[in-house]
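Report on the structure
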Amino acid sequence: MSGVKAPAAQWRRPVWSTGRKDCVGTALGTGRVWFTIGRGIVTEVFYPRIDIPQIRDLGFLVADGRGFWQELKATPDPVLELEDARVPLPTIRHPQGRFEFTFRVCTDPDRDALLIDFALTGDPELRAYLLCAARLGEDAHANRAWVGSWEGRRVLWAEQGPFGMAISCRDPDGRPALGVCSVGEVGASDLWQDFHINGRMTWEYTEAGPGEVALAGVLPRLGTLAVGLGTSKEAAATTAWSSLAEGFPRAADDYARRWRAWHEGRRAPQDITGGLPPALATLYTRSATVIKVHEDRTFPGALVASLSVPWGEASDTLGGYHLVWSRDLVESAGALLALGADKEARQVLAYLIGTQRANGHWLQNQWLGGKPFWNGVQLDESGFPVLLASALKAQGILGDMAVADMIFRALRFIVRQGPATSQDRWEEDSGVNAFTLAVTIAALVEGAEFLEGPARACALMFADYWNARIESWTYVEDDPLSRQFHVPGHYIRMAPPEILNDRQADYEILPIKNRADDPHVAACCQVSNDFLQLVRYGLRDARDPHIVASVTVMDGLLKTMTPSGMVWHRYNDDGYGEHDDGRPFDGSGIGRGWPLLTGERGHYAIASGDDPLPYLQAMAAMTGRGGLLPEQVWDSAPIAHYDLAPGRPSGSAMPLVWAHGEFVKLCHSHALGAPFDRPVATWNRYRGARPKPGFRIWQRHQRPQHLKAGEELRIALPVPFMVHWGVDGWQTLRDTLSEDWALAHVAILPPEALRGARSLQFTLRLQTEGWIGQDFHIDVIGDS
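Now for a quick tour of the structure. (Residues numbered from 1 in each chain as written. Predicted model: local features only at pLDDT ≥ 70, side-chain atom pairs only at ≥ 80, totals over all residues. Heavy atoms only, no water.)

What follows is about the overall build of the protein. Assigned secondary structure in the protein consists of 17 helices and 31 strands. Its C-alpha atoms give the protein a radius of gyration of 29 Å, within 12% of the compact-globule value 28 Å for 784 residues. Taken along the three principal axes of its C-alpha coordinates, the protein extends 100 × 50 × 50 Å. Sorting the 784 residues of the protein into buried and exposed places 65% on the buried side. Accessible surface computed for the protein: about 26900 Å², of which carbon and sulfur atoms make up 50%. One finds the centroid of the 77 positive side-chain charges in the protein at a distance of 2 Å from the centroid of its 94 negative side-chain charges. (Helix = DSSP H or I, 4+ residues; strand = E, 2+ residues; numbered from the N terminus. Rg over C-alpha atoms; globule rule 2.2 N^0.38 Å. Buried < 20%, exposed > 50% of the residue type's maximum accessible area, 1.4 Å probe, protein only. Areas by Shrake-Rupley, 256 points an atom, 1.4 Å probe, with all protein chains shown as cover. Lys, Arg positive; Asp, Glu negative; His and termini not counted. Charge placed at Lys NZ, Arg CZ, Asp CG, Glu CD.)

See the structure below:
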């Protein structure tokens, strides 16, 4: 069939998949097309003016036209080679019995184009075929595709709205080399379906869509492909052939030169690689490349969490991990600081300042330009940018960046919302979490260095109080897990928000939201490694009995030994991972081990005087074929059908930029003998010791039930107010006006006025609302 519009799909079938990623690359130059490699094919291509992938999958078939055909991504064990860990310029080989197909991929440093240099050797009867699934714009099901001609050269076109794509091909002599072509709709009239039904290419459709479209064509045995992207299909075609005219060698050489120049231009604070085994030194260098790869060019300082989609073969999400999380961003910026990439670290802070919300927080995640994706609030994500500003100052590279307003607004938000968070760092539950507390307390202390007068005092007041209350909120004793592991107690994954007013709230059920069937486990029986951040940031000593006991429980419940080494789960009963039979995560599953958490455990090892090298070696052993760190590794019996092996990458995101950043920082921490990213002012203030403030803070969402004799009660609200109060049943009535401490309005009830009293009663009159119509009661108890 030829010269007709391709039949539309009557059902949706995932013919191509993003799969697991083995390598990523990007240009350093005016062009910044991103691409990813997975299962030996190009799996996603991104265009600079839109955040989502513009190609879902670009791969190849090899066939003889008489019934034999082989899809390359289905062939076993493709070989991926990188000559230089500094340069993401991969060569992929598919050695098979009848043929070998080899290709190299890079982006044109000067244009919005992807170049693929390819060669088919072996049986001369075989031909190569291109197969590409376009995904232009924000609606993958509204794409259109054509077989056409541009300036006398055959071209494959796709377009949606203001976004166009063109695929062209040249032979070694520079002549147009794209053969018979066809376009179709995925799952109905694409080339894969043609081969599946007919065993050879029989369809030659010239138009397809609107829908989810695929483009295909016959290739020469030796040649170069260009995928051009632009504001129209014609602009994309011009870009594609301009890039082909200069040729792959020129682009690859310039591409490699710019990458090497970037690495050589980084400030090297210390010789890290010289003290590492070769495998770790290589991963250190590659991690620098991976982090830089994920940096945007249109919005300097924006880094996506990963160029991959976790379990992409089973997902149609537009977002994937092609989004910015401020937490991941600052964790990566910390690695950039360690690497001496000062300019990039400053750009991250500038980007964060530009995307801060009016009330001081940052979105749960967002597109590169700041458009919201998910609108949840994670309190640690409001603290991390403050920590980055402080780290830049400590390194002497903050310069004259205007950070005071950002810090003030962020700390005001933290004071008003904390200590509970709407979501923890794993984006699931609300409550009080040790990791979030560590970040926000450190942010309050570090941010206070940029403030003066009452604002500074207010930030430190909240920091000291929350630090003193960590165990009251997140540590349990004599529970089932404590008895199982023969320890006095342990930190828990998350205390419900009610813990602020009810000490027994940690015995309530805490939902596990990524399970098909919530096991209804009480909060006191859910454990994570989040408490390790208390040690890393200097809030608790590594030898603190609470920490030591919790490590025993954490290692007993969450640690798994694999052939690659030690790995930890996020928390017990986690459901974010493949099913037990290897099927991809589809909203539920079984959580697997995270190399990232091996790095966090390695940082604790440093603080406790142990050798972090085994943790670094385990992380390096868990990389994929291309040497990238995955989000998760498989930690059960092997399942060949899904290419799952113990200690090897699962179908989760790969690379995870946060994990590469953690590896870099652990290398530096190993050399320093202390956490590289430990906040300076926080360490100087606490040095691992729990403070003992002589006051308690009362807010409308956290209400202490008692005061010790001699303690102050400090009432903090966002607006001016008056406290009307008395003791022992409203005796000795007084009125106390609040004072403006910048981050909050604070009223202090002095301890001498409570001397001899057994209880305190009070109510509030707000400047904005008047009397609130509610009385409050606090017991006053002796020191005993």
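Still more to cover.
For the peptide bond that leads from G418 to P419, omega is 5°, which places it in the cis range. A cis amide bond links M654 to the next residue, P655, at an omega of 0°. Phi at H520 takes a positive value of approximately 55°, unusual for a residue other than glycine. Within the fold, H520 resides in the loop between β19 (489-491) and α12 (532-536).

It is the contact of helix α7 (residues 380-394) with helix α9 (residues 434-448), at a shortest axis distance of 8 Å, that shows an interaxial angle of 40°. On the basis of their axis angle, the class for α7 and α9 is oblique. Of the two possible hands of crossing, α7 and α9 adopt the one that is left-handed. Contact with α7, carried on its side by D380, G383, F384, V386, L387 and S390, involves F435, T436, V439, T440, A442, A443, E446 and G447 of α9 and no other residues of that element. (Axes fitted to C-alpha atoms, helices over the stretch in contact; angles between N-to-C directions. Parallel < 35°, antiparallel > 145°, perpendicular 65-115°, else oblique. Left-handed = near helix turned anticlockwise from the far one by under 90°. Contact = heavy atoms within 4.5 Å.)

This part is about the pairing of strand β26 (residues 731-737). The sheet contact formed by strand β25 (residues 721-727) and β26 spans 5 bridges and is antiparallel. Pairing of V723 across the sheet is with T736, part of β26. In sequence, β25 turns back onto β26 through a hairpin of 3 residues, with D728 there showing a positive phi of about 50°. (Pairing = 2+ DSSP bridges.)

Its place among the elements puts A757 in the loop between β28 (745-749) and β29 (759-766). On a C-alpha basis, the gap between A757 and V727 in space is 6.2 Å, while along the polypeptide they are 30 residues apart.

Next up on the list: the sheet that holds strand β15 (residues 207-211). Pairing within the open sheet is antiparallel, and its 9 strands lie in the order β6-β7-β8-β9-β17-β13-β12-β11-β15. Only two strands of the sheet have a single partner each, and these edge strands are β6 (79-81) and β15. The average angle at which neighbouring strand axes cross in this sheet is 20°, direction not considered. Note: strand β11 (residues 143-150) against strand β12 (residues 153-160), 7 bridges, orientation antiparallel. Looking across to β12, one finds that A145 is bridged to A158. Helix α2 (residues 233-246) contacts β9 (113-122), β11, β12, β13 (163-170) and β17 (222-230) of the sheet and is inclined by roughly 30° relative to β13. In the packing of helix α3 (residues 248-265) onto the sheet, contacts are made with β8 (99-107), β9 and β17, and the angle to β8 comes to roughly 55°.

Moving on to the layout of surface pockets. Within this model, the largest pocket holds a volume of roughly 680 Å³. A breakdown of the residues in the lining of the largest pocket according to their chemical character gives 15 nonpolar, 6 polar and 8 charged. (1 Å grid on protein atoms, 1.4 Å probe; cavity = no way out; pocket = protein on both sides within 12 Å on 5 of 7 lines; lining within 4 Å. Points joined across faces, edges and corners; volume = space filled by probe spheres on them. Nonpolar A, V, L, I, M, F, W, Y, C, P; charged D, E, K, R; others polar.)

Purely spatial values, then, with no claim about function.
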